[in-house]
Amino acid sequence: MKKAPQFLLPSWRTLAFLLPLAVGSACQSNTSTSESETTSADSTTTASTDSTGSKKYLNKPLISDIYTADPSAHVFNGRIYIYPSHDIETNMPENDNGDHFAMRDYHILSMDSIGGKVTDHGVALDIKDIPWAGRQLWAPDAAFKNGTYYLYFPVKDKQDIFRIGVATSKSPTGPFKAQHKPMEGSLSIDPAVFTDTDGKSYMYVGGIWGGQLQRWRTGKYDGSKPKEQEPAPNEEAVGPRVARLSNDMLSFAEPVKEVKIVGKDGKPFLAGDNKHRFFEGGWMHKYNGKYYFSYSTGDTHLLAYATGDSPYGPFTYQGVIMNPVEGWTTHHSIVEVDGKWYIFYHDTELSGKTWLRNVKVTELKRKPDGSIETINP
Ligand code: FUB
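Rules and cut-offs
Residues numbered from 1 in each chain as written. Predicted model: local features only at pLDDT ≥ 70, side-chain atom pairs only at ≥ 80, totals over all residues. Heavy atoms only, no water. Helix = DSSP H or I, 4+ residues; strand = E, 2+ residues; numbered from the N terminus. Buried < 20%, exposed > 50% of the residue type's maximum accessible area, 1.4 Å probe, protein only. Contact = heavy atoms within 4.5 Å. Areas by Shrake-Rupley, 256 points an atom, 1.4 Å probe, with all protein chains shown as cover. Near = heavy atom within 4 Å. Polar contact = N/O pair within 3.5 Å; in protein donor to acceptor, adjacent residues only side chain to side chain. Phe/Tyr/Trp six-rings, centres within 6.5 Å; stacked < 30°, edge-to-face > 60°. Lys NZ or Arg CZ within 6 Å of the ring centre and 35° of its normal. Salt bridge = Lys/Arg side-chain N within 4 Å of Asp/Glu carboxyl O. Pairing = 2+ DSSP bridges. pLDDT = per-residue confidence, 0-100.

Q: It is not clear to me how the overall build of the chain should be interpreted in this structure. Could you clarify?
A: Across its full length, the chain carries one helix and 23 strands. Within the span of the chain, comprising 377 residues, buried residues form 59% of the whole. Nonlocal contacts in the chain, meaning residues at least 24 apart in sequence, comprise 56% of its contacts between residues at least 6 apart. As displayed, the chain offers around 14,900 Å² of accessible surface, 50% of which is attributable to carbon and sulfur atoms.

Set out below in structure tokens:
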């Protein structure tokens with residue numbers, strides 16, 4: 001995740017004006033706002049405004065006393081738990097590597113129902129208690145198995161390489177104790193753990209640009225020429241990775257594999273197709289026996305989804321779940337609560353700053369064929 005480098009700006013600006021035309025006709029039943037717009041100055045997106053010039057948002061932030069982002073939501077024992085990033089102001093320069101996202105701990109939020117009171121359970125894991133960590137605690141996820149809660153987190157190690165760590169607790173809200181080393185074979189950012197109906201758990205990971213996934217194209221980390229490692233626009237895009245987790249949930253049971261996301265023509269997306277290709281923030285949910293892999297398109301600021309018949313894919317692109325939120329990044333999770341489906345997401349309503357975000361939730365609606373209605377946030 002990072003700001004768009006200068007050489008991408010012209011095509012992004014063009015896309016920003018075409019986007020509303022491209023996606024605006026999608027069915028929208030919960031759309032009190034019109035599409036977000038892109039500022040030409042910095043390629044972040046801004047909320048739409050009403051006739052008085054006030055910004056309009058579909059939902060309010062869930063909490064406002066701290067900044068939170070990248071919400072991974074789960075229902076454990078009938079209560080909703082949100083595992084977000086905890087955004088802070090560190091005055092780091094805003095740059096292409098996302099150095100301005102210099103988070104140092106996690107707070108877990110919970111609520112007994114959608115719309116209910118949100119509790120902030122305080123610090124659940126601090127970077128100073130992760131022996132191998134260097135900097136930048138980014139988007140986490142969580143899982144529960146065999147009486148233990150697992151918190152999965154990306155952080156740069158002391159060599160400045162993003163790895164995935166795991167920490168455990170007997171409580172969904174922590175405190176969590178980190179393992180002494182990162183997960184062997186782990187890479188990049190944005191872990192999302194999905195447990196299938198047969199009890200097997202899988203982790204999806206990855207993010208390009210500041211998330212470093214392109215540096216692993218040869219199978220080994222190569223940070224020597226980060227820009228050149230990105231595929232050319234006419235080459236196949238870099239895909240997210242997946243691996244089944246071991247029964248103890250602390251390691252991978254197999255080598256990580258690349259996930260293929262293909263168009264309706266069955267062909268993988270090209271790196272230059274930035275309205276469709278994977279960028280970061282993957283999430284898996286299962287609905288009516290189908291696997292729904294959703295993700296951020298990064299520099300086009302969309303949440304998109306693709307479906308398949310196996311947790312490994314391939315996944316065929318289906319459409320846009322959410323149009324751009326205010327801010328550069330967009331990140332989400334999808335969870336069923338009491339028979340309805342919800343999407344947790346973030347924007348920058350409280351601060352107006354791309355690195356100080358706030359989490360939100362809204363209902364996710366589907367058509368009878370299982371396709372997801374596009375949300376205008
Ligand atoms: O919060 C830091 C990064 O921003 C996340 O890892 C990305 O998904 C993006 O939301």
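Q: Looking at this structure, how should I read the site of the ligand?
A: Around the ligand, the surrounding shell holds 13 residues, and the nearest of these are Asp70, Met103, Asp190, His331 and Arg357. Here Asp70 contributes a side-chain N or O atom positioned 2.5 Å from an oxygen atom of the ligand. Within the side chain of His331, an N or O atom sits 2.7 Å from an oxygen atom of the ligand. Relative to its unbound accessible area of 280 Å², the ligand is 100% covered by the protein chains.

Q: Would you explain the packing of aromatic side chains in this entry?
A: Aromatic ring pairs: the centre-centre distance and the angle between the two ring planes describe each pair. On inspection of all chains with the given rule, the structure shows 25 aromatic pairs. One aromatic cluster in this structure is built from Phe76, Tyr81, Tyr83, Phe144 and Tyr149. Seen from the ring of Tyr287, Arg366 lies directly overhead, with NZ or CZ sitting 3.7 Å from the centre. Across from the ring centre of Trp341, 4.8 Å away, lies the NZ or CZ of Arg366, which sits over that ring.

Q: Looking at this structure, how should I read the pattern of salt bridges?
A: Scanning the entire structure with this criterion turns up 18 salt bridges. Among the salt bridges present, the one from Glu349 reaches Lys60, with a minimum N-O distance of 2.7 Å. You can see Glu349 sitting in the loop between β22 (340-347) and β23 (358-363) and its partner Lys60 sitting in the loop between β2 (45-46) and β3 (67-76), a full 289 residues away along the chain. Looking at Glu349, the relative accessible area reads 18%, which means it is buried. Since its relative accessible area comes to 59%, Lys60 is described here as exposed. The shortest N-O distance in the salt bridge between Arg135 and Asp99 comes to 3.2 Å. With Arg135 in strand β7 (residues 133-135) and Asp99 in the loop between β4 (79-87) and β5 (105-111), the pair connects residues that are 36 residues apart, well separated along the chain.

Q: Can you help me understand the sheet that holds strand β12 (residues 192-195) in this one?
A: Across a sheet, paired strands are connected by hydrogen bonds in the backbone, their directions being either parallel or antiparallel. Reading across from one edge, β12-β13-β14-β15 is the order of the four strands in this open sheet, with antiparallel pairing throughout. Looking along the sheet, the strands with just one partner apiece sit at the ends: β12 and β15 (257-258). Relative to strand β13 (residues 201-205), β12 runs antiparallel, the two being bridged by four bridges. By the bridge assignment for β13, Thr195 is matched with Ser201.

Q: In this structure, what is going on with the pairing of strand β19 (residues 303-308)? I would like to understand it.
A: In the case of a regular strand, side chains alternate between the two sheet surfaces. With six of six residues buried, β19 lies mostly within the body of the structure. Covered by surrounding structure in β19 are Leu303, Tyr305 and Thr307 together with Ala304, Ala306 and Gly308, the residues of both alternating faces. Across six bridges, the pairing between strand β18 (residues 290-296) and β19 is antiparallel. Across the sheet, residue Tyr295 finds its bridge partner in β19, namely Ala304. In textbook terms, the turn of a hairpin is the stretch between consecutive antiparallel strands, and for β18 and β19 this stretch comprises six residues, one of which, Gly298, has a positive phi near 65°. As paired elements, β19 and strand β20 (residues 315-322) share five bridges and run antiparallel to each other. For Ala304, the partnering residue across the bridge sits in β20 and is Val320.

Q: I'm lost on the side chain of Asn274 in this one. Help?
A: Structurally, Asn274 is set in the loop between β16 (261-262) and β17 (280-287). At a separation of 3.0 Å, a polar atom in the side chain of Asn274 contacts the side chain of Asp299.

Q: Mind showing me how you'd approach the sheet that holds β17 here?
A: A sheet is described by the order of its strands in space; here five strands give the open sequence β16-β20-β19-β18-β17, paired in mixed fashion. Edge positions in the sheet fall to β16 and β17, since each has one partner strand and no second.

Q: Explain the confidence of the model for the chain here, please?
A: Of the residues in the chain, 88% have a pLDDT of 70 or more, and the chain-wide mean is 89. Predicted confidence for residues 2-42 stays below pLDDT 50, and this span has 92 contacts to residues more than four positions away or in other chains.

Q: What is the right way to read the environment of Phe76 from this model?
A: Mapped onto the elements of the fold, Phe76 is located in strand β3. Along the sequence, Phe76 and Tyr149 sit 73 residues apart, while their C-alpha atoms lie 9.7 Å from each other. Setting aside residues no more than four positions away along its own chain, Phe76 makes contact with Tyr81, Tyr83, Ala143, Phe144, Tyr149 and Pro172.

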